[in-house]
Every structure is written in structure tokens, then in C-alpha cells.
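Report on the structure
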Amino acid sequence: MISQIFILSTKGDHLIYKDYNIIMKPFRGEESKDSINGFYEMVTALSGDQPPVVMVNSGFLGELMSGLHFIHARQGGLYWVASTKTNPSPFTIIEFLNRLAALTKDYCGSLSEKSVRMNFALIYELLDEMVDFGYIQTTSTDILKNFIQTEAVSSKPFSLFDLSNVGLFGAETQQSKVAPSVAASRPIMSSRGEQGGKNEIFVDVIERLSVVIGSKGVLMKADIQGEIRIKCFLPTCSEMRIGLNEELSIGKSQLKGYSSAVRVDECRFHQAVKLDEFDTFRILKVCPSQGEQTVMQYQLCDELPCAPPFQLFPSVEKDYVNRSVNLSMVLIFLKLRCDLPPKSTALNVSITVPVPKGSTSMSQELSSPDQTAELQPKNKALLWEIPRFPGGAQLSALFKVDVPGLSSASLLEVGPVSMSFELPKQTCTGLQIRFLRLSPTQTGLSQRWVRYVTHSDSYTIRI
Amino acid sequence: MPYFGSEETVKELKRALSNPNVHADRLRYKNYISKVIRMKDLDSWAQSEVLTFLLRYRPRSDDQLFDILSLLDSFLQSAHAHVTVATLRLFLQLASAHPAVQADALLRTSAPLLATCGAASRELRFAGLCHVQQVMRSQPGLFGTHYKRFFCGYSEPTYIKFRKMEILVELVNDENVSLVLEELRSYCTDVSPELAQAAIAAIGRIARTYSEKCLDILTGLLALKQDHITSAVIQTFRDLVWFCPQSTAAVCQTVEACVDSPQDSEGKQALLWLLGEHGDQISSAPYVMEGYIDGLKTELSSAVKMELLTASVKMFLCRPAETQDMLGRLLHYCIEEESDVCVRDRALLCYRLLQRGVEETRKVVTGPKSDPSMSVLTGRQEEPISQWTATFNTLGPLSGRDLCPQTAVISAADQPSSSAEKELLPDEEISLSLGSPLSHETFEKMWLDLEILHRQTLGSPRPRTAPDTLQAALQLVKIQTLAFTPGDTVPWKAYIYTRSTGTLILAELLQGDQQAPGSDESLVVSVKQQPVNQHAIRGFVSILKSVLQTLNVDSS
């Protein structure tokens, strides 16, 4: 099924190459380089991203490899490519490539060109065990860990001094322990390694929010895709019980009670999750294997229990500075309000506003020094960045954009505003993990960490 | 293969994949059932391998069929997308004689397919979108309520946005048209010109059914005075007028009010065509054209010059007084000073036609003003599911064209399975394609050179429909009509051709010929082919029969 698997960096460096063609071809080395280079040229020939299926068809390369299809996925800034001569299911190959990238991340700690270069022996070993003669055997960490001998080399040692999310003062940090955000990104230990590292298990509830707000502030579309992911560093498998909100209801029902019930439209579970107690008590039972896996995926459309986190009140006007010289400015006044509860904050909020073509420069008035704004003529947009946005607050900014040759229709080009942000410690659906119990077979202390985060997938506000 | 499920499964599958003797007889029912029963023990990769392998089985009876389907039922809702889609393909293929079962399977997998369209991985999203498009060819209403899922996200790559826009165009109905149009309108001012042009083209396609709303939007876009947008809008107007003649008046008004002219050659050609074809409705047309004629020396593209020639002649025919002078200048320049041979030839042709007289010119130059097939009024045909089942869950939909099964370069490991597959399935779907058009001379030469490989009485008479409908219906299944004798002549003949899996098939349909036996009541088809492939001929004849039967049912 699969003929070759290779990993390329963005510059086209061959990081990993594995060939599953069993025909003995002379000069196989040359051919393989040709096919990789051919693929790289096709993928980088046009600007922007290429669709995942690429067929090398041109000239000499075409005759050499007629009928060779390349399927690639981009993860961690690298190209993960599988080539095939038959016509397999695209879902299988794409999921396999994603799973290969996830396994590499588990074993090496992080996913980047550097970690792949340092751990190439481990990755070759993984590929040996995962794929046999081009057929996918297994991608489960439990089975693989019995066969993987190589140790991972991580790029920087895990250090407790990396305090990005830890609060130093305040009563809440003394009561609830907080771990640094890089704690979960270390390699999983092989079974033959020493028992360094703690027994920890990290449960993440990650939601992606996709919202379109129309021109009068009317919510046009709202969509949440959520996942519960477990990253397990426990050396032995033990059963874990995850309790979700008891009032979680699934499916669109006509009856809505008075309570602010937590609702999802539909959910899907990992194969290994046992659902016998799910219907009554909303408890999931699973034996997590080492590494990262997604236990549950859910989605909710169109009836969000909470208001969308940001509301924008824009006003766009023309300002004729000097009529005789035909120089004019567009005044964009943005008032952004955060509708989150007062204790929560939004991080790394960045707002992109398209500006008319031909804008040359911009001046701004922002309300606090940590915000930044700049005009990007290449993208025809202005970018406003706010590192921390507390809930309930309202921030405003005034931008004056110089547009020589302003016409009446230029104002129409100040188009839909897109935002990207991260909301730590909250979920829009209200899904919470009530408890997390491990069956008591662990020797030593095992720690359980729970993290909630909401990302914006696509947050668009029309002006 | 150490851990491909259990040892016995591994051994069986290995044997099946490599032993040609096992291929010689078909998969037996109990073999099949035993594999299916053990599927629960396998992991997801092995499951999808088994499901792909089991596509080769043909159930002998309905009981067997429903046994198999009920055993596989739970895999339609598997947590893994590839298992769900592979099961769906198996269902659609096995139950090809039971459209109700197929429709039910599609309904149950619509939710998982939609979920892949929203997956975190972009490549998976793209695969999901392509397959949703395929499903919509047969069941357009299945995803109608979920149209909001197909709104483009800000950070998505362009290939996903293009597919989403194509799907949005097909999902439009009376309730959601205004929301969808608003969404598409906001993409038209995007930074990337290709995306803006694709969005404008999408609005143009919707305009064939919802003209007024779309025309308002397109007119508003012209006011932005951006080159790529103006050019795309004018090209959309040209297509709209061709497909939807009732909107001509409104379009002409807009074009008249629009002051800017497009700068790129595609846009200019479109504008010139509009001016020439509908010059009588656009009052300022001759003056705009004069501007182009005066600027002819600086014009680089020969396509634009040829379009200008044709359009000027058409305009001369309807408004001679205003156009005479500039037409003269144009022809003079093109014949005397133009260096491009094609343009000069076209100019000479126009000049000589005009010398013959106005009536002669009118006969040659004027053509239909709108699409003769009237495809908009009849609406898009829903295709039968069997048309695309063969390429479902393969790389075909993702690469934008149907991939033919590999025949030439196969490695040794794959060779037994794929070549044996071809012999094993005599009733596998044949995919037809049009390829490049054949000219009359080539067809005639080939017809006279080749010998008849297959002759068959089709069992149904010539459909009593207009020839255009027959042509359009054959075109839908990718058979091109070269020529046919007019309606009621006896004997009635038609010549058609198509391509399939590397061979070219030529055929003649005959009815009412005294010398051909059995052709009084029904059509006789004679097939010639190069190179020979009996399998393709059988597929072709069966497709032809089904088209004729459908047309007969419709017309009776």
C-alpha cells in the first residue's frame, strides 16, 4: 500500500526516508532522491499551501514514477509524506501520518525539526515496527513500547524554573497546585529506562471556538469542537475513571429545563473507553496507554450556553485632512469588550482588520503600553495585539490609516475583523471534570493534572 | 506481520493476498463471514484493510447480503473516520440493488462525515469535504441544514476554502440563500485575488437561480473599482447572460453604468463579448468599443484582438451607422499592419464576409445568444450512487479527477492482488471519460480503419425526445455525440464516442435499416475500439442501455 515514507523540513532537507518497495532496483539511491525532490518542488512551487494529494506527473520524473501519488500532512513545521502506487483510502493515510507525528511527539517530547534530527534512530525504529511491507501494523503505544529500545534525546532538560503559568502570590496558588505549562511536554520513558520522572497524568479539555458575528452584532454562526485528551506518563496501565458533569445532556432535545444544563450535540469516544457508567453517572472508564490519546470528542452548534467572548463596536470614517492635496485618511475606531466573567482573562488576543488597498502608513492611539499595533501592507491588514485581556474590560483603539487616492468605495474594503485568542482555564460549553480516580495499583505517588483551554478556531466579526 | 490482529487472521490474509489460486475462485461466503466476525478483535488499521479487501465479494442472495450488512452495522459508527468511510463504501457497493439501504447508510454516516469536515487536522478536513461533495452528487439535500459548517474559517488554507465554496453553491435553497450570499460577499474582498475570483464565480453560479439578489451584490462589487474584482465580475456577467437569458436586461444596465474597464485579457474578452452580443441593449457600446479599437496598437493579447474583431462585426450588424467607420479602421489595421497571423486571418475572413453582403455575414456570425442545452431550467440531475462508488474512499476525489485503476507500473508485492482483481470482477463499474474531443475527420478515418468488435440489439427503440436532450443525456454519462441524422429520417443513425480505462470506443446507433436484422423496433449498436478491451465494451453498452431506458421512461 505505502511505497515510501519520508519527513522533510520546510527547506526540503531529507530528515527521514524509508522505502517499502521490495523490488530490487539498481541505483535505488538516485531514484529515491529524485522522487523526494520532485515532490518537494511540486509542493513549494506555488505560494500558499498545497492540497494533501500531489501527483508527480511532469517530464522525466513523470516517466520514472508514473502513477505515484504523494500524500502529505504538515505538522510541527515539517512535511510528513507517504507515497503510494495503489489507490488507497485517503483517510487511512492521513490519519496514519497524523498518528505518526503524534507518536513522534510522545517519544521525543516536542515536535520540531531539531527533535526529529536528534532522534532519527528512534523514529526509524518506530517506523520499522509500525509499518511492514507498506501495510500499517499498529500505532498503539502499549504494543510499540515493548519493542522500542532507543532512548529519546530531548532538546532541553525539563526544568522547574520555567515558570510561565505559575502565580507566585495569592491564596489560590497555595491551595491549588499549578504546574508549569511545559510539564506535559517531556518524552515518555521507555520501559527499560530508569524510573526517573514522576508518575503523572495530564487531562486536557480543549475546545475550539468558531464564531461569525454579523454586522449589527447579531450572532450568525457559533460552533464549538471539543476534545478530552489524556497524556499519560504512568509506567503501568491502570484503570482510570473520569467523571464529567452529571447534568451533561447529549443531543438536541426539545425540552430545556430551567437549570443551565451542560449540553453537547453529539460526542464520539475512543475505542478503548468503556461506557457502561456513562448513561447514568456520566463516568468514562479507560485504561490509558503511555503517551497522548483523545478520549472523547464532542461538538455543539448554534446554541451556546455562554455569550461569545468578544464584542466589537467599530466605527469607520473618512477624514479629509487636506482637500486640495487629495490626501485622506481612514479613521478606524474600535471598541472591544470582553464578555467573560471578571476573574478570567484572555491571552494573546490578536485582531486583524483588513484595510483598503494602497494604504501607506498608520498612526495609532492605544490605551496601554503592552498592546502593539502595526500595519502589514503585504497582507493589506492591520494587526492589533493585546497580550492579556481581563474579563469584563473594555479596550478601545483609534487607528488613522493614510490612503492616498481614497474613494467612496474604499470604506467597503475595511472588511470583516478576525480575532484569535486563547482562553485558559475555561470551557465555553461548561464541561467540567468532576473527578479523576485511578485504581490504586500505583506504587508511589501519582499526580493528576487537569487543564481547560479554549482556542479560537475562526472568530469573525463583520463591520 | 507479527501483530496484524491474531495469527490466524494474518495467515489467512497473507494467503489470500499472495496466492493466485485462491483468487481464481471467488471469495466464499463463510470465508467472508469469518473475517467479518473477527473484526472486533482487530485494531482500526486492520479493520480498514479487511474492509477494503472484502470489497471483492459479491453476495449470492439477498439473505446473504442482509446478514453481512447487519454484522457490519456497528462499524458505520466507528470512532475512526477511515473505518466508517470504508464501511460506508462497502455498504454502498454491496447494496447497489437496494437504493433504500444505500440511502439509509448515507444518512447514518452523514454525521461522522460532517465531523471530519470540522476536524483539527486540515488534511483530514479536506478529505472529508471532497467526500461530502461526492455524496452530494446523489443526495443534495442531505447536508442542507448544516450549511453553516461550510463557512470558511479565516486561517484555513485556500484549497479548503475553494472546496467549501463549491459545496456552498450546491447547498443553496430558498431559506438560506441570503445568509450564504452574505457570507460569499465577505469573501469577495479577501486579500488573495484567487479567492476573491472564486467567490465571485460562486455568486455567479448561484445567480442562475437567484438572479436579483446576486446582481445587487455583483453591482456593489463593481463600485470597489479593484482590477481583479472588476474583471471577475464581468466574466461572471458573461457566464450569467449565457446561462440565464432573462437576466440580460439587468446585466446590460449594470455594464452600462460601469465606467471602469478591466485591465487583464480575460476581463477584456468578456466585456467585448457582452458588448458585441448584446450591443443593441447597451447604448454606449459603440463608444466603448471605439476606445478599444483606438488602443489596438498597445494591445498585446491576440485573443483580445480576435474577440474585438468578432464583436465589432456583430455590432456592425445591429448598429451600422455608428460602427461603420471604426470597423473600417479596425479591419484596415488588422489586415495591413498586424503581425499575428491568426488575427490577420480572422480580419480577412470578416472582410470577405462583409464583401459578400450583410445577410451572409449575419448567417455566419450570429449564433445562439444563450446556452442551447437549457440546463438551468431542467436543474441538476441527481446522479445514481453507482456512478461514484468506485472512486469513493480513494484518492480520486482529492486530486480532482477520477483515477483509473493502475495497470502499468505495479510493484511485485501488489501485482497479484490488483491484476487478479481485474479478472475477478466482471461487473465492476467502468468509468467513462471524455478526454480531448475528436474531429470529424479523425473519427471517420478510425471508423473506416477498424473492424466491428461487437454488435448488439439494445432492446429499446430510439427515444422520442429532441436530439438535444439525447445529446445532453449522453454527455452526462460522458459519451460524446459526434453526429446524428435529423429527427424522422429512416434509417436513423447516430455516431458516438467515449474513452474508458485507456481505450477509445467508437459506436454507431442504428434504427430502421432494412439490411440490419432486428433494427426495426429497436436500436442496434455497433462498437469499434482501439485498443481492444472487451470489459470496457461491456461496461459501455450497459451504460448506454441504461441511458436509453431512462430516456424512454421519461418520454413515454
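Residues numbered from 1 in each chain as written. Chains lettered and ligands numbered in written order. Predicted model: local features only at pLDDT ≥ 70, side-chain atom pairs only at ≥ 80, totals over all residues. Heavy atoms only, no water.

**With respect to the overall build of chain B**
The test is simple: In this description a helix means any DSSP run of H or I spanning at least four residues, a strand means any run of E spanning at least two, and both kinds are numbered starting from the N terminus. For each residue, the accessible area found with a 1.4 Å probe, counting protein chains only, is set against the maximum for its type, and the residue is called buried under 20%, exposed over 50%, and partly exposed in between. Residue contacts are defined here by distance: any two heavy atoms, one from each residue, within 4.5 Å place the two residues in contact. Accessibility throughout is a Shrake-Rupley quantity obtained with a 1.4 Å probe, and a residue counts as covered only by protein chains that appear here.
Check the secondary structure of chain B and you find 27 helices and six strands. Sorting the 556 residues of chain B into buried and exposed places 52% on the buried side. Put simply, 65% of the contacts in chain B that link residues at least 6 apart link residues at least 24 apart. As displayed, chain B offers around 25,400 Å² of accessible surface, 53% of which is attributable to carbon and sulfur atoms.

**Observations concerning the overall build of chain A**
When you go through chain A residue by residue, the secondary structure sums to eight helices and 25 strands. Here chain A holds 463 residues, and 52% of them are scored as buried. Approximately 21,400 Å² of chain A is accessible, and the part contributed by carbon and sulfur atoms is 54%.

**Comments concerning the packing of aromatic side chains**
Geometry of an aromatic ring pair is reported as the spacing of the ring centres plus the angle between the planes. Residue and element names in this part refer to chain A. Basically, it comes down to this: Stacked, tilted and edge-to-face pairs are distinguished by plane angle, under 30 degrees for stacked and over 60 for edge-to-face with tilted covering the rest, among Phe, Tyr and Trp rings (Trp via its six-membered ring) whose centres lie within 6.5 Å. Lysine NZ or arginine CZ positioned within 6 Å of the ring centre and within 35 degrees of the ring normal marks a charge as sitting over the ring.
Within the structure shown, the criterion is met by 19 aromatic pairs over all chains. Arranged with centres 6.4 Å apart and planes meeting at 90 degrees, the rings of Phe39 and Tyr79 form a pair that is edge-to-face. Taken together, the residues Phe39 in helix H1 (residues 28–45) and Tyr79 in strand E5 (residues 78–84) connect sequence positions 40 residues apart. Pair check on accessibility: Phe39 and Tyr79 agree, each one buried. Clustering of aromatic rings is evident, with ring pairs tying together Phe6, Tyr17, Phe39, Tyr40, Phe70 and Tyr79. For the cation-ring pair, Lys335 lies above Phe313, with the distance from its terminal atom to the ring centre recorded as 5.8 Å.

**Considering the side chain of Ser48 of chain B**
The residue Ser48 of chain B is located in helix H4 (residues 44–53) in this model. Excluding anything up to four places from it in sequence, Ser48 of chain B contacts Thr92 of chain A together with His82 and Val83 of chain B.

**What about the domain arrangement of chain A?**
Put simply, the test is: Here the limits of each domain have been adopted from an automatic or database domain assignment.
Considered domain by domain, chain A is made up of domain 1 (4–145), domain 2 (221–304 + 431–452) and domain 3 (310–424). Placing a centre on the C-alpha atoms of domain 2 of chain A and another on those of domain 3 of chain A gives a separation of 39 Å.

**Re the sheet that holds strand E3 (residues 53–55) of chain A**
All names here are of chain A. Quick note on the threshold: DSSP bridges decide pairing: two strands pair if at least two such bridges lie between them. Axis geometry follows a simple rule: fit a line to the C-alpha atoms, using only the stretch in contact for helices, then measure angles between N-to-C directions, giving values from 0 to 180 degrees.
The strand order across the open sheet formed by five strands is E2-E1-E5-E4-E3, and the pairing between neighbours is antiparallel. At either margin of the open sheet sits one strand with a lone partner, and together these are strand E2 (14–19) and E3. Averaged over all neighbouring strand pairs, the angle between strand axes comes to 20 degrees, with direction disregarded. Two elements, strand E1 (residues 4–8) and E2, share five bridges in a ladder whose sense is antiparallel. Looking at E2, one finds that Ile5 is bridged to Lys18.

**Focus on the nonpolar core**
Most often, soluble globular proteins have nonpolar side chains that are buried together. Note the threshold: Residues enter a nonpolar core if they are buried and are Ala, Val, Leu, Ile, Met, Phe, Trp, Tyr or Cys, with the set joined through side-chain atoms within 4.5 Å.
Of all hydrophobic cores here, the largest spans 164 residues; its most connected members are Leu72, Phe150 and Ile206 of chain B. If near-sequence neighbours (up to four positions away) are discounted, Ile206 of chain B is found in contact with Val169, Val172, Val177, Val180, Leu181, Leu184 and Cys214 of chain B. With 41 residues, the next largest nonpolar core counts Ala373, Leu375, Val403 and Val417 of chain A among its residues.

**Considering the sheet that holds strand E10 (residues 240–244) of chain A**
Residues and elements named next belong to chain A. Judged by pairing direction, the sheet is antiparallel, and its three strands sit side by side in the order E14-E10-E24 without closing on themselves. The open sheet has two edge strands, strand E14 (283–286) and strand E24 (433–438), and neither has a second partner. Shown here is a sheet whose adjacent strand axes are inclined to one another by a mean of 15 degrees, direction ignored.

**Some points on the domain arrangement of chain B**
Taken domain by domain, chain B consists of domain 1 (261–367) and domain 2 (434–511 + 522–554). Between the C-alpha centres of domain 1 of chain B and domain 2 of chain B the distance comes to 39 Å.

**Structural notes on the interface of chain A and chain B**
Formally: Note on definitions: salt bridges are taken to be side-chain nitrogens of Lys or Arg within 4 Å of carboxyl oxygens of Asp or Glu. N or O atoms closer than or at 3.5 Å make up a polar contact, with two conditions inside protein: a donor-capable atom paired with an acceptor-capable one, and, for residues adjacent in sequence, both atoms drawn from side chains.
The interface of chain A with chain B comprises 65 residues on the first partner and 64 residues on the second. At the surface where chain A touches chain B, the tally comes to two salt bridges. A salt bridge links Glu183 of chain B to Arg462 of chain A, with the shortest nitrogen-to-oxygen separation between them at 2.5 Å. The tally of links between chain A and chain B comes to 14 residue pairs in polar contact (both at pLDDT 80 or more). Among the elements that make up the side of chain A that touches chain B, the one with the highest residue count is helix H3 (residues 90–108) of chain A (seven residues).

**Considerations on the environment of Thr230 of chain B**
Residues and elements named next belong to chain B. Along the polypeptide, Thr230 turns up in helix H13 (residues 227–243). The sequence separation of Thr230 and Leu504 amounts to 274 residues, and the corresponding C-alpha distance is 42 Å. If we skip the residues at most four places from it in the chain, Thr230 touches Leu222 and Lys225. Here Gln226 takes part through its backbone oxygen, which lies 2.8 Å from a polar atom of the side chain of Thr230.

**Digging into H3 of chain A**
Definition in use: Helix span, expected: 1.5 Å multiplied by one less than the number of residues in the helix.
When the terminal C-alpha atoms of H3 of chain A are compared, their 27 Å separation across 19 residues agrees well with the 27 Å that a helix rising 1.5 Å per residue should span. The buried fraction of H3 of chain A amounts to 16 of the 19 residues, a majority that puts the element mostly inside the structure.

**Describing the pattern of salt bridges**
Residue and element names in this part refer to chain A. Taken as a whole, this structure holds 30 salt bridges over all chains when the rule is applied. Two residues, Glu292 and Arg229, come together in a salt bridge whose shortest N-O distance is 3.4 Å. Here Arg229 lies in strand E9 (residues 219–232) and Glu292 lies in strand E15 (residues 291–301), a separation of 63 residues in the sequence. One connected set of salt bridges, linked through shared partners, spans Glu227, Arg229, Lys231 and Glu292.

**Here we look at the pairing of E10 of chain A**
Residue and element names in this part refer to chain A. Most of E10 sits out of view: four of its five residues are buried. One ladder, built from four bridges, connects E10 with E14; its direction is antiparallel. Looking across to E14, one finds that Arg241 is bridged to Lys285. Alignment of E10 against E24, held across five bridges, turns out to be antiparallel. Along E24, the bridge assignment pairs Met240 with Leu438.

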